[in-house]
Amino acid sequence: MSMERRKALLDIASRYDVLIIEDDPYGYIYFGDEEPPARLKAMDSEGRVIYLSTFSKIAAPGLRLGWVAASDEVIRWFELAKQSIDLHTSTLNQYIAAELLRRGVIERNIPRIKEIYRSKRDLMLQALSEYMPEGVTWTKPSAGMFIWLTTPEKIDTGEMLSVAIKKYGVAYVPGKSFYPNEDRHNDMRLNFTYPTPQQIFEGIKRLALAIKEYLSQ
Ligand SMILES: *Cc1c(COP(=O)(O)O)cnc(C)c1O
């Protein structure tokens, strides 16, 4: 979200007196050219932002550890709710995360993964412009692990998935489930952090073939 949209969101929340949940797993792996916009929580003068983040994207998802910054009242309710779900978060995992922080492991890791992710993003962008047919568009993300791709309206990416997997050996996440009313059908989410550089090129090449097949029908 741009700075203007962030401010507008805080204004609306204030006017209607609602809380905001800021789910920020990717703010720490921002690799855009400009400075990242300030977090909503950093601009929250009324205590209405509940800020969430996680060790999953900067250390290891298996730790199952995250954190929250919110008012004491909200934290108290979180504690009660969490207690009834799992009694408490693994103490051993919390010690491990504390040690990773104390020894600077995470601090040293973040610049490394930023560089790797940025170069993999660039590779995927290059592969997309090389292979994708006319009418297909995509984002150039400044953070995170995914490119959002939009095909011409004619294609239903949910329907195309099984063909992409069976015939072309390539997979993606259909975009539909990212919309509250599931009223869009021609988007997909592509991950660029997990595959190797060769797999990125091969995967995009195959995906372009699947899209071309569907477009020519
Ligand atoms: C990864 C992620 C989370 C947090 O995942 P956990 O492993 O459960 O901590 C939350 N929201 C989004 C959008 C994510 O991508």
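Structure: see above.
Counting restarts for each chain, with residues numbered from 1 along the sequence as it is written. Local features are withheld for residues below a pLDDT of 70 in this predicted model, meaning they are given only at 70 or higher, and side-chain atom pairs are given and counted only at 80 or more; totals for whole chains, interfaces and linings count all residues. To obtain the side-chain values, all non-hydrogen atoms of the structure were used and water was disregarded.

S.K.: It is not clear to me how the sheet that holds strand β2 (residues 49-54) should be interpreted in this structure. Could you clarify?
M.R.: Strands belonging to one sheet form pairs held by backbone hydrogen bonds; the direction of such a pair is parallel or antiparallel. In short, DSSP must find at least two bridges between two strands for them to pair. Under the scheme used here, helices are H or I runs from DSSP no shorter than 4 residues and strands are E runs no shorter than 2 residues, and both carry numbers assigned from the N terminus. The mixed open sheet is built from three strands, whose spatial order is β1-β2-β3. At either end of the open sheet lies a strand with only one pairing partner, and these are β1 (20-23) and β3 (66-69). Mean inter-strand twist for the sheet, computed between neighbouring axes without regard to direction, equals 20°. The pairing of β1 with β2 spans four bridges and is classified as parallel. Bridge pairing in β2 links Asp23 to Leu52. Axis definition: a line fitted to C-alpha atoms, limited for helices to the stretch in contact. Angles are taken between N-to-C directions and run from 0 to 180 degrees.

S.K.: In this structure, what is going on with the sheet that holds strand β7 (residues 187-191)? I would like to understand it.
M.R.: Ordered by their spatial adjacency, four strands build an open sheet running β4-β5-β7-β6, and the pairing between neighbours is antiparallel. Looking at strand neighbours, the two that pair on one side only are β4 (137-138) and β6 (173-174), the edges of this open sheet. Pairing analysis gives two bridges linking β6 to β7, with the strands arranged antiparallel. Bridge pairing links Pro174 to Met188 in β7. Residues are treated as being in contact if the distance between any of their heavy atoms lies within 4.5 Å. In this fold helix α4 (residues 105-131) packs onto β4, β5 (146-150) and β7, with an angle of close to 20° to the strand it touches most, β5.

S.K.: Please clarify how the site of the ligand should be interpreted in this entry.
M.R.: Residue proximity to a molecule or strand is established when one non-hydrogen atom of the residue lies within 4 Å of it. In the vicinity of the ligand, the residues found are Asp23, Pro25, Tyr26, Thr54, Ser56, Lys57 and Arg64. Each polar contact in these results corresponds to two N or O atoms within 3.5 Å; when the atoms are within protein, one needs to be able to donate a hydrogen and the other to accept it, and residues that are neighboring in sequence are counted only if both atoms are side-chain atoms. In the environment of the ligand, an oxygen atom lies 2.8 Å from a nitrogen or oxygen atom belonging to the side chain of Lys57. Note on areas: Shrake-Rupley, 1.4 Å probe, and residue coverage restricted to the protein chains presented here. Coverage of the ligand by the protein amounts to 59% of the 380 Å² it exposes when considered alone. Amino acids are sorted into nonpolar (Ala, Val, Leu, Ile, Met, Phe, Trp, Tyr, Cys and Pro), charged (Asp, Glu, Lys and Arg) and polar (every other residue, Gly among them). A per-class count over the shell around the ligand returns two nonpolar, two polar and three charged.

S.K.: I'm lost on α4 in this one. Help?
M.R.: In an α-helix there are 3.6 residues to a turn, and that puts residues three or four apart on one side. Here the expected span of a helix is defined as 1.5 Å times the quantity of residues minus one. For α4, built from 27 residues, the straight-helix expectation of 39 Å at 1.5 Å per residue is met to within 8% by its first-to-last C-alpha distance of 39 Å. For each residue, the accessible area found with a 1.4 Å probe, counting protein chains only, is set against the maximum for its type, and the residue is called buried under 20%, exposed over 50%, and partly exposed in between. Within the span of α4, buried status applies to Ile106, Asn109, Ile110, Ile113, Tyr117, Lys120, Arg121, Met124, Leu125, Ala127 and Leu128. Residues of α4 that are buried make contact with α3 (91-102), β4, β5, β7 and α6 (197-215).

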